[in-house]
Amino acid sequence: MNTIAPALLDKIPVAIAVVADTGNIQYRNQAFTEAFGLDAKWLKDAARAVAGERGWLQGFFLAGSDQLTTDVEVNGRIYRADKMMTVTDRTEPTVALAFEDVTAQRQAEQAKSDFTAQIVHDLRGPLSGIQGTLEFVLSQEGTKLDSMYTDLLNEAQRESERMMNLINEILDFSKIQSGSFTVEKEEVRVPALLKRAIRSLQSVASRDEIVLVSAHGRDVPQIVGSVEKLTQAIINLISNSLKFTPKKGLISVGTQIMRDGDATDAIVITVTDSGMGIKAGDINKLFDKYKQTGNKSFRGGGGTGLGLYIVKQIVEAHGGEVTVASVEGIGTSMVLKLPVRRAA
Ligand SMILES: Nc1ncnc2c1ncn2[C@@H]1O[C@H](COP(=O)(O)OP(=O)(O)O)[C@@H](O)[C@H]1O
Ligand SMILES: [Mg+2]
C-alpha cells in the first residue's frame, strides 16, 4: 500500500505538496514538480498566508477558522492553495496542500467586478442630476405648488436619496472585495468631519421630525486617515439611526478623548439614537455582509445590509474598532474608537 499511494498521487493532475512548518518540502507529486519545478520557496509563505499571523500550523486547527485557502501567484499564474490534511504526530508538523490553477477564473472575476463598479459608478451621474433638479424645484419658495405635488416631490427626493445610498454602498463594497480599498494618509479633523456629515443629513432629519445634534470635547487631536471614508462611515451610521428612529426622536453624535497619562490614545466617536434598538441576539451579526435584523425601517424600504460591514472595514483600516450597545425599545449607540498615532 505504501508504495502504491505515491504512484497514485503522481497520476493525479492536481499539484500536491506536503510541507513542514519549517518550510521543508517533504513530498511533492509529479504534477507539482511539473508546475513549479523543484524550487518552491514561496510554499512556506503560502501556507502561512492561509493560517494568518497566529502561527501557520496552529491556524489550521483553529475551530471556525474559515480561511483555509489562499491564492498564490507563481510565475505570473494564480493558484488556489487548499489545505488537504495536517499531520502533527511527527517531530515536524506537516500540512498537505493542493494547488489549482485559477488564473482564468480570477481574471473573469476581476473583469466582472470592474464592469460592475464602472456601471454602478456611472449611475451616480444621472441620479445626482435628478436630485439637483428636485432640490431646486422644492427650494423655489415663489412657486406655489399644490401641496399634493410638494408631497410627491418630497417622496421622489427621499427615494432618490435611498438609491444614492445603495449605489454608494455597492461601490464601496466592490472596492473592498477587489482589494483596491486603501486608506489615504490625510490629516483628519474629526469635529469638522462630523459637522459635515451632520450637515448633509440635517434636512432629512428635520423633514422626519428628528433632532440631530452633536457635541465634542475640546482640543480633539487630529488623526491620520481618509476624510472621505470616515465621513462615509459616519453618514452610514447616522442614516441607520434615521431609518430606525421614530418621529420626535433624537440622534446625537459626539466625540470623546481617551487619554493615557498626558498622551491621547484614541478618539471615541459615538452615534446614539432613541430608536427601536437591536435584539441582543442580533448584535454580533450586524457587521457581517448582507446581515439585516428583523427591524423595520420607519422610512423607505430595505437597504443592502452592507452599511455596517463597510463601516467596520473603514474603521479597521484606520486601526480602530467599532462596537455597539443597544437596548430594544430604548435606542442604539454605535461607538467608533480611532487610535491617535503619535508622531514618531
Ligand atoms: N441605529 C440602529 N437602530 C436599530 N437597528 C439598526 C441600527 N443600525 C443598524 N441596525 C440594524 O442592523 C442592520 C444592518 O445595518 P446595515 O449594515 O447598515 O444595513 P442596512 O442599513 O442596509 O439594512 C439593519 O438592517 C438594522 O436591522
Ligand atoms: Mg445601513
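Residues numbered from 1 in each chain as written. Chains lettered and ligands numbered in written order. Predicted model: local features only at pLDDT ≥ 70, side-chain atom pairs only at ≥ 80, totals over all residues.

### Comments concerning the overall build of the protein
No. 1: Along the protein, the regular secondary structure elements total nine helices and twelve strands.
No. 2: At 26 Å, the protein has a C-alpha radius of gyration far larger than the 20 Å of a compact globule built from 344 residues.
No. 3: On the principal axes, the C-alpha backbone points of the protein span a range of 90 × 50 × 40 Å.
No. 4: Out of the 344 residues in the protein, the part that is buried amounts to 24%.
No. 5: Expressed as a percentage of contacts within the protein between residues at least 6 apart in sequence, the contacts between residues at least 24 apart total 61%. (Helix = DSSP H or I, 4+ residues; strand = E, 2+ residues; numbered from the N terminus. Rg over C-alpha atoms; globule rule 2.2 N^0.38 Å. Buried ≥ 20, exposed ≤ 12 C-beta atoms within 10 Å, placed from the backbone. Contact = placed C-beta atoms within 7 Å.)

### Let's talk about the site of ligand 1
No. 1: By nearness alone, 20 residues border ligand 1, and Asn240, Phe244, Gly303, Gly307 and Leu308 come closest of all.
No. 2: Residue assignment for the shell around ligand 1 shows that the elements contributing at least two residues are helix H8 (227-243) and helix H9 (307-317).
No. 3: In terms of residues, the shell around ligand 1 owes the most to one element, H9, which gives three residues.
No. 4: Residues belonging to the shell around ligand 1 are distributed by class as follows: seven nonpolar, eleven polar and two charged. (Near = placed C-beta within 6 Å. Nonpolar A, V, L, I, M, F, W, Y, C, P; charged D, E, K, R; others polar.)

### With respect to H9
No. 1: Along H9, eight of the eleven residues are buried, which leaves the element largely enclosed by surrounding structure.
No. 2: Of all the residues in H9, the buried ones are Gly307, Leu308, Tyr309, Ile310, Val311, Gln313, Ile314 and Val315.
No. 3: Phi turns positive, to about 80°, at glycine 319, one or two residues after H9.

### Some thoughts on the confidence of the model for the protein
No. 1: Across the protein, the average pLDDT comes to 85, with 91% of residues at 70 or higher.
No. 2: Confidence drops under a pLDDT of 50 for residues 52-57, and excluding neighbours within four residues, the segment shows 13 contacts in the predicted structure.
No. 3: Per-residue pLDDT stays below 50 along residues 59-66; that stretch engages in nine contacts with residues further than four places along the chain or on separate chains. (pLDDT = per-residue confidence, 0-100.)

### A word on the nonpolar core
No. 1: Among the nonpolar cores identified, the biggest contains 36 residues, and Val190, Leu193, Ala233, Ile234, Leu237, Ile238 and Val311 are the most heavily contacted of them.
No. 2: Elements that contribute at least two residues to this core include exactly helix H7 (190-207), H8, strand E9 (250-260), strand E10 (263-273), H9 and strand E12 (331-339).
No. 3: Beyond its immediate chain neighbours, meaning those up to four positions away, leucine 193 contacts Val188, Val227, Leu230, Thr231 and Ile234.
No. 4: With 16 residues, the next largest nonpolar core counts Val18, Ala40, Ala46 and Val95 among its residues. (Core = buried A, V, L, I, M, F, W, Y, C linked by C-beta atoms within 7 Å.)

### Looking at the packing of helix H5 (residues 103-139) against helix H6 (residues 147-177)
No. 1: The geometry of H5 relative to H6 is characterised by a closest axis approach of 9 Å and an angle of 155° between their N-to-C directions. Taken together, the axes of H5 and H6 are roughly antiparallel relative to one another. Handedness of the H5/H6 crossing: left-handed.
No. 2: Along the lines of polarity and charge, the residues of the contact of H5 with H6 split into 15 nonpolar, nine polar and one charged. (Axes fitted to C-alpha atoms, helices over the stretch in contact; angles between N-to-C directions. Parallel < 35°, antiparallel > 145°, perpendicular 65-115°, else oblique. Left-handed = near helix turned anticlockwise from the far one by under 90°.)

### Examining unusual backbone geometry
No. 1: Located in the positive-phi region is asparagine 75, a residue other than glycine, with phi close to 50°.
No. 2: Secondary-structure assignment places asparagine 75 in the loop between strand E3 (69-74) and strand E4 (77-87).
No. 3: For asparagine 75, a count of 8 C-beta atoms within 10 Å corresponds to the exposed category.
No. 4: Positioned with a positive phi, lysine 248 is a non-glycine residue whose angle comes to about 70°.
No. 5: Its location among the elements puts lysine 248 in the loop between H8 and E9.

### A look at the packing of H8 against H9
No. 1: For the pair H8 and H9, interaxial distance at closest approach is 9 Å and the crossing angle is 145°. Considering how the two elements wind past one another, H8 and H9 form a crossing that is left-handed. For the pair H8 and H9, contact is made by Lys229, Leu230, Gln232, Ala233, Asn236, Leu237 and Asn240 and by Gly307, Ile310, Val311, Ile314 and Val315, respectively.
No. 2: Taken together, the residues of the contact of H8 with H9 break down into seven nonpolar, four polar and one charged.

### Section: the environment of glutamate 328
No. 1: Residue position: glutamate 328 is located in the loop between strand E11 (321-327) and E12.
No. 2: Glutamate 328 sits in the partly exposed class, given 13 other C-beta atoms within 10 Å.
No. 3: Sequence separation between glutamate 328 and serine 274 is 54 residues, and the spatial gap between their C-alpha atoms is 10.0 Å.
No. 4: If sequence neighbours within four positions are ignored, glutamate 328 has contacts with Gly277 and Lys279.

### Some points on the environment of valine 137
No. 1: Examined against the element boundaries, valine 137 turns out to sit in helix H5.
No. 2: Separated by 16 residues in the primary sequence, valine 137 and leucine 153 have C-alpha atoms spaced 8.5 Å apart.

### Observations concerning the pairing of E3
The two faces of a sheet get side chains in turn, since along a regular strand they alternate between them.
No. 1: One ladder, built from six bridges, connects E3 with E4; its direction is antiparallel. Residue valine 74 lies in a different strand from E4, and its bridge partner there is arginine 77.
No. 2: Connecting the antiparallel pair E3 and E4 is a turn made up of two residues, with asparagine 75 showing a positive phi of about 50°. (Pairing = 2+ DSSP bridges.)

### Some details on the sheet that holds strand E2 (residues 25-28)
Within a sheet, each strand pairs with its neighbour through backbone hydrogen bonds, oriented either parallel or antiparallel.
No. 1: Strand order in the open sheet formed by five strands is E2-E1-E5-E4-E3, and the pairing between neighbours is antiparallel. Looking at strand neighbours, the two that pair on one side only are E2 and E3, the edges of this open sheet. Each neighbouring strand pair of the sheet contributes to a mean axis angle of 30°, computed without reference to strand direction.

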